[in-house]
Amino acid sequence: MALFVVFQTTFFLTLLSLRTYQSEVLAERLPLTPVSLKVSTNSIHQSLHLQWTVHNLPYHQELKMVFQIQISRIETSNVVWVGNYSTTVKWNQVLHWSWESELPLECATHFVRMKSVMDDASFPEPNFWSNWSSWEEVSVQDSLGRGILFVFPKDKLVEEGSNVTICYVSRNIQNNVSCYLEGKQIHGEQLDPHVTAFNLNSVPFIRNRGTNIYCEASQGNVSKGIEGIVLFVSKVLEEPKDFSCETQDFKTLHCTWDPGTDTALGWSKQPSQSYTLFESFSGEKKLCTHKNWCNWQITQDSQETYNFTLIAENYLRKRSVNILFNLTHRVYLMNPFSVNFENVNATNAIMTWKVHSMRNNFTYLCQIELHGEGKMMQYDVSIKVNGEYFLSELEPATEYMARVRCADASHFWKWSEWSGQNFTTLEAAPSEAPDVWRSVNSEPGNHTVTLFWKPLSKLHANGKILFYNVVVENLDKLSRSELRSIPAPANSTKLILDRCSYQICLTANNSVGASPASIIVISVDPENKEVEEERIAGTDGGFSLSWKPQPGDIIGYVVDWCDHPQDVLQWKNVGPNTTSTVISTDAFRPGVRYDFRIYGLSTKRIACLLEKKTGYSQELAPSDNPHVLVDMLTSHSFTLSWKDYSTESQPGFIQGYHVYLKSKAKQCHPRFQKAVLSDGSECCKYKIDNPEEKALIVDNLKPESSYEFFVTPFTSAGEGPNATFMKVTTPDEHSSMLIHILLPMVFCVLLIMIVCYLKSQWIKETCYPDIPDPYKSSILSLIKFKENPHLTIMNVSDCIPDAIEVVSKPEGTKIQILGTRKSLTETELTKPNYLYLLPTEKNHSGPGPCICFENFTYNQAASDCGFCGHVPVSPKAPPSMLGLMTSPENVLKALEKNYMNSLGEVPAGETSLNYVSQLASPMSGDKDSLPTNPVEPPHCSEYKMQMAVPLRLALPRPTENSSLSSITLLDPGEHYR
């Protein structure tokens, strides 16, 4: 029992001691609350920097502790951040910690406090948090100055896509503040009466010099101030791409990469990202001076494996990438050099080159590319030091470009750069005959043959073609062949051949030789076959032609046509077993008509025309409308005709015509149908399906009515262009009858007037001839006055002459003297040799001066008589003896000779007929009586002479049966004619 009491006493004492120990430990752990807490600000990074210590650490050892930090804004109750910070604390150590604020520190007052807890394994559980430290207040607004408006943060640097908070501080709450981002107004949250914050989400990159943000304070319409900041937004730093390293000489590693976007900003706010190369096996590091490549020196040790890390870094971010490789697997050879060509001929050449030496027993794999004539050939070859390759099957006279590159044959990494050279093979004779065709125009007695050929392709020319030889041989006659040399680049020549068969050979020649000959034969009558032309339709792909196969020996077919607008003959050769082809060329144009001719070639190379085809690659609507004439206009009908309209020059096959007719009645006549024009107006339409029918009779019309018509052709593509309607008015029925009567009358009157105009001279001479003017007689210049100087021209005022009127009568001719009305019978004037005109005055005082003149107007053919005057006669002489003493024979001879001379010079001494005119005034008495015994006239007292010329100058001597003229003496008072 005593033992039990002792044991119980001992247990209680031990338990008491343990509780006392725990109380002491707990009492010792309570003072671990953080003390000496100080808070500072960093406006550049917008962060709070905390500094504190922990006193009375037990046992003077390092303990792991956890500090819980609270940060409040504006008020202590407004906690904006809570977090833990774990660290190892030494006795009497000053601890530091920083916190970056999203809201600029200048925009609000911040409060900070913390507490701690032991988190060390050397201390048994439980662990208790210490008490909170007191709140530390941080305010930056007091240091802003006297300004009325502030905007924060200043010159902040962020990455593109980040979220940013800005704010403004206004000293005067009465001011109205508006903020703008790149000129666009933004709206924020008011933190207190003086502060407003703006949250910008995913800010974009605008420019290297930053993004402009400003705020403006105003009262009413008065601005109180503007304040702004620049927000620097950087591109996001990218991870380097395509990082690789290689060597060309086993001395230097050349590393390259793609840096991506440059993150440099203006105003030296942030430079371009930097790159650092780190090799992990050697532990060496190198700062690269270039942003996309860096060289690493290879040491002479036996390191062949490398592990590189490339680090990219800027102010905001750091990125890295690494590679691991064997050095011998990253060999990038330098370019081959000394590329040359040897033994070059028309078809072969030897290519040689050299490579840079690497290591002993290094094997190179080289690749050769040969480019020429649009083709590329590739060859591979393995070499040790120098390379050589034989190039064969080359084309003559062709320029080639050959190049070579090499790589490590053991561990292929990549090819080296190319090294190349150009060379040209030599020329060879042309390898193919030219493609030849002809065009034949037959003329009377000969053929005009135009020979065409296509230039040889460069592949077959084997050099520059210098000239073409054309040999013409007559197949019907043994004659010498004709050779013509035509310089290149001509592609045609013209030959004039007679009506015989000829063989024409053509060869192309270069500096080496001639090509094989092309042969074509011109027959006696090459185009004698009449072939009907067939219409075809073209497509976008050209013209599809087909023809019937020909019996007999046909070696091929030829299709020829002309390309517009050059009008150059083109042709295509087709094999003997083909009876269709497609003619396709870029020269085909819509709306142009093409004529195709298909020929068959016999074994004798003679071409025979088989078929003709014509068509359009694409038909268009007619380009113009016909000129329409209106004929046979009646009161009930009229005829429209357009005979001169050409259908061949249109951009499509004319299928017919549409005739549009309008009338006020708006009723369509028989055969017409109603139609609506493009302008919406209605009219009547008549369709003519025959393109050769170029006239239309429009009948069943009303008299005195107006009609409008319009004629347009149409093709498969549509009608011709729109044009103005022409107007025609039908006449009334009576006016048409009147026209039928008046037109013939007007025609007759016009015909008579035309005839009268053409015969006006004849009518004038017949009905009213002109009275001759003696002063204008041309004979005056021919008469020579030789004997009598007193010859004068008779004037009307000088005398009242008598006139002679010649009257032909069937019973004979008589001389009638007006004074007596007595007639001399034909028997009394059998020989009218002389004519006496006696004065009417009976008594004369004696001889007086005689004035004699010749009337040349009535005698243009008579010559000078040689004298002037009267021959004295006996007073008793009979009347038949009175007159001029000149015989009729002499008068007739003179007249005949003067007529033959036709106004020539008059010989002297020859006589002329004279007509004696009475000069004296009328006498008293019976002037109608003629005295039986005339008184002897005085010696030329009162008489003048005139020439009397018969109507026909060359009349023969009067006979007994001839007609005599009657001479009548007019009264002096009668008018002179």
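Residues numbered from 1 in each chain as written. Predicted model: local features only at pLDDT ≥ 70, side-chain atom pairs only at ≥ 80, totals over all residues. Heavy atoms only, no water.

Draft legend 1. Layout of the overall build of the protein. Of the regular secondary structure elements, the protein holds five helices and 57 strands. The buried share among the 977 residues of the protein stands at 39%. Residue pairs at least 24 apart in sequence account for 68% of intrachain contacts in the protein once pairs closer than 6 positions are excluded. (Helix = DSSP H or I, 4+ residues; strand = E, 2+ residues; numbered from the N terminus. Buried < 20%, exposed > 50% of the residue type's maximum accessible area, 1.4 Å probe, protein only. Contact = heavy atoms within 4.5 Å.)

Draft legend 2. Layout of the pattern of salt bridges. Considering all chains together, one arrives at 20 salt bridges under this definition. Residue K90 is joined to E62 by a salt bridge in which the shortest nitrogen-to-oxygen separation is 3.5 Å. Highlighted residues: K90 in the loop between strand 4 (79–89) and strand 5 (94–100) and E62 in the loop between strand 2 (47–53) and strand 3 (63–73), separated in sequence by 28 residues. Using a relative accessible area of 43% as the deciding quantity, one classes K90 as partly exposed. Residue E62 is classed as partly exposed on the basis of its relative accessible area, which comes to 46%. Beyond isolated ion pairs, a larger network of salt bridges with shared partners links E533, R593 and E648. (Salt bridge = Lys/Arg side-chain N within 4 Å of Asp/Glu carboxyl O.)

Draft legend 3. Just the sheet that holds strand 46 (residues 638–641), in detail. Read across the sheet, three strands follow the order 45-46-50 without closing on themselves; strand pairing throughout is antiparallel. Strands at the two margins of the open sheet, each flanked by one partner only, are strand 45 (629–631) and strand 50 (695–698). The mean angle between the axes of side-by-side strands here comes to 25 degrees, regardless of whether they run parallel or antiparallel. Here strand 45 runs beside strand 46; their pairing, made up of three bridges, is antiparallel. Looking across to strand 46, one finds that L629 is bridged to S641. (Pairing = 2+ DSSP bridges. Axes fitted to C-alpha atoms, helices over the stretch in contact; angles between N-to-C directions.)

Draft legend 4. Structural view of the state of the cysteines. Scanning the model with the defined rule gives five disulfides in all. Between C668 and C684 runs a disulfide, and the two sulfur atoms are separated by 2.2 Å. A torsion of -95 degrees about the S-S bond marks the disulfide between C668 and C684 as left-handed. Taken together, the residues span a long stretch of sequence, with C668 in the loop between strand 47 (656–663) and strand 48 (673–676) and C684 in strand 49 (residues 682–688) at a distance of 16 residues. With a relative accessible area of 7%, C684 lands in the buried category. In this model C683 remains outside any disulfide bridge; the closest cysteine sulfur is found in C684, 6.7 Å from its own. Residue classification places C683 among the buried residues on the basis of a relative accessible area of 6%. (Disulfide = S-S within 2.5 Å.)

Draft legend 5. Structural detail: unusual backbone geometry. Backbone torsion omega between F152 and P153 reads 0 degrees, so that peptide bond is classified as cis. For P153, the location among the structural elements is in the loop between strand 8 (149–152) and strand 9 (157–159). Phi is positive for S36, close to 55 degrees, though the residue is something other than glycine. If you check the backbone angles, Q46 has positive phi at about 55 degrees while not being a glycine. The residue Q46 is located in the loop between strand 1 (35–42) and strand 2 in this model.

Draft legend 6. Quick look at the packing of aromatic side chains. Across all of its chains, the model carries 34 aromatic pairs by this definition. Here the aromatic rings of W257 and Y275 are separated by 5.4 Å at their centres, their planes lie at 45 degrees, and the arrangement is tilted. Pair noted here: W257 is in strand 18 (residues 252–258) and Y275 is in strand 19 (residues 274–279), with a separation of 18 residues, a long-range link. The class for Y275 is buried, based on a relative accessible area of 1%. Consider the rings of F543 and Y594, whose centres lie 6.0 Å apart with planes at 65 degrees: the pair is edge-to-face. Of the two residues, F543 is situated in strand 39 (residues 543–546) and Y594 in strand 43 (residues 593–602); the sequence distance between them amounts to 51 residues. Assigned by exposure class, F543 and Y594 land together as buried. Aromatic ring contacts, followed pair by pair, group F543, W561, F588, Y594 and F596 into a single cluster. Looking at K414, its charged tip hangs above the ring of Y332, at a distance of 5.4 Å from the centre. Taking NZ or CZ as reference, R438 lies 5.1 Å from the ring centre of Y599, over its face. (Phe/Tyr/Trp six-rings, centres within 6.5 Å; stacked < 30°, edge-to-face > 60°. Lys NZ or Arg CZ within 6 Å of the ring centre and 35° of its normal.)

Draft legend 7. Seen up close, the pairing of strand 49. Here five bridges tie strand 47 to strand 49, and the two strands are oriented antiparallel to one another. Paired with V659 across the bridge in strand 49 is Y686. Once strand 48 ends, the chain turns through five residues before running back antiparallel as strand 49, passing G680 with a positive phi of about 90 degrees.

Draft legend 8. How the structure looks around the side chain of D560. Along the chain, D560 turns up in strand 40 (residues 554–563). A polar atom in the side chain of D560 sits 3.1 Å from the side chain of W437. Beyond its immediate chain neighbours, meaning those up to four positions away, D560 contacts W437, L569, Q570, W571, D595, F596, R597 and Y599. (Polar contact = N/O pair within 3.5 Å; in protein donor to acceptor, adjacent residues only side chain to side chain.)

Draft legend 9. Here's a closer look at the nonpolar core. In terms of nonpolar packing, the biggest core is built from 45 residues, with F243, L253, L277, F308, M351, W353 and F423 touching the most fellow members. Not counting residues within four places of it along the chain, the set of residues in contact with L277 comprises F243, C255, E284, K285, K286, C288, C294, W296, F308, T309 and L310. Among the nonpolar cores identified, the runner-up in size contains 31 residues, and V436, A461, L506 and I522 belong to it. (Core = buried A, V, L, I, M, F, W, Y, C linked by side-chain atoms within 4.5 Å.)

Draft legend 10. Main features of the sheet that holds strand 31 (residues 435–443). As summarised here, the arrangement of the three strands in space is 31-32-35, forming an open sheet in which the pairing is antiparallel. Edge positions in the sheet fall to strand 31 and strand 35 (492–498), since each of these pairs with one other strand and no more. The mean angle between the axes of side-by-side strands here comes to 20 degrees, regardless of whether they run parallel or antiparallel. Relative to strand 35, strand 32 (residues 446–454) runs antiparallel, the two being bridged by seven bridges. Directly across from F452, in strand 35, lies its bridge partner S492.

Draft legend 11. Representation of the pairing of strand 33 (residues 467–474) in the model. Taken together, the six bridges between strand 33 and strand 34 (residues 482–487) define a ladder with antiparallel strand orientation. When the sheet's bridge partners are listed, V472 is paired in strand 34 with E482. In this sheet, strand 36 (residues 502–509) lies alongside strand 33 in antiparallel orientation, the contact comprising eight bridges. Across the sheet, the residue bridging to V472 is I504, located in strand 36.

Draft legend 12. Seen up close, the environment of K286. With respect to the secondary-structure elements, K286 resides in strand 20 (residues 284–288). Taking the C-alpha atoms as reference, K286 lies 5.7 Å from T276; in sequence the two are 10 residues apart. At 2.6 Å, the side chain of K286 and the backbone oxygen of N295 are in polar contact.

Draft legend 13. Structural detail: a nonpolar patch on the surface. There is a patch of nonpolar side chains on the surface, built from I741, L742, M745, V746, V749, L750, M753, I754, Y757 and L758 and spanning about 1100 Å² of accessible area. Relative to the elements of secondary structure, Y757 occurs in helix 3 (residues 733–758). (Patch = residues over 30% accessible without salt bridge, like charges linked within 9 Å, V, L, I, M, F, W, Y side chains within 5 Å. Areas by Shrake-Rupley, 256 points an atom, 1.4 Å probe, with all protein chains shown as cover.)

Draft legend 14. Layout of the environment of V531. Along the polypeptide, V531 turns up in the loop between strand 37 (518–522) and strand 38 (533–537). Owing to a relative accessible area of 18%, V531 belongs among the buried residues under this scheme. Counting along the chain gives 79 residues from V531 to L610, while the straight-line C-alpha distance between them is 7.1 Å. Excluding residues that lie within four positions of it along the chain, V531 makes contacts with L609, L610, E611 and K612.

Draft legend 15. Region of the structure containing the confidence of the model for the protein. Summarising the model, the protein shows a mean pLDDT of 78, and 74% of its residues fall at 70 or more. Considering only residues more than four positions removed or in separate chains, one finds that residues 18–30, a stretch of pLDDT under 50, has seven contacts. (pLDDT = per-residue confidence, 0-100.)

Draft legend 16. Quick look at the side chain of S637. Here S637 shows up in the loop between strand 45 and strand 46. Looking at S637, the relative accessible area reads 18%, which means it is buried. Apart from residues no more than four positions distant in its own chain, S637 is found in contact with M632, V698, D699 and L701.

Draft legend 17. Region of interest: the environment of D699. Along the chain, the position of D699 falls in the loop between strand 50 and strand 51 (706–715). Since its relative accessible area comes to 33%, D699 is described here as partly exposed. Between the alpha carbons of D699 and T639 there is a distance of 8.4 Å; along the sequence they are 60 residues apart. Those residues in contact with D699 that sit more than four places away from it in its chain are H636, S637, H669 and R671.

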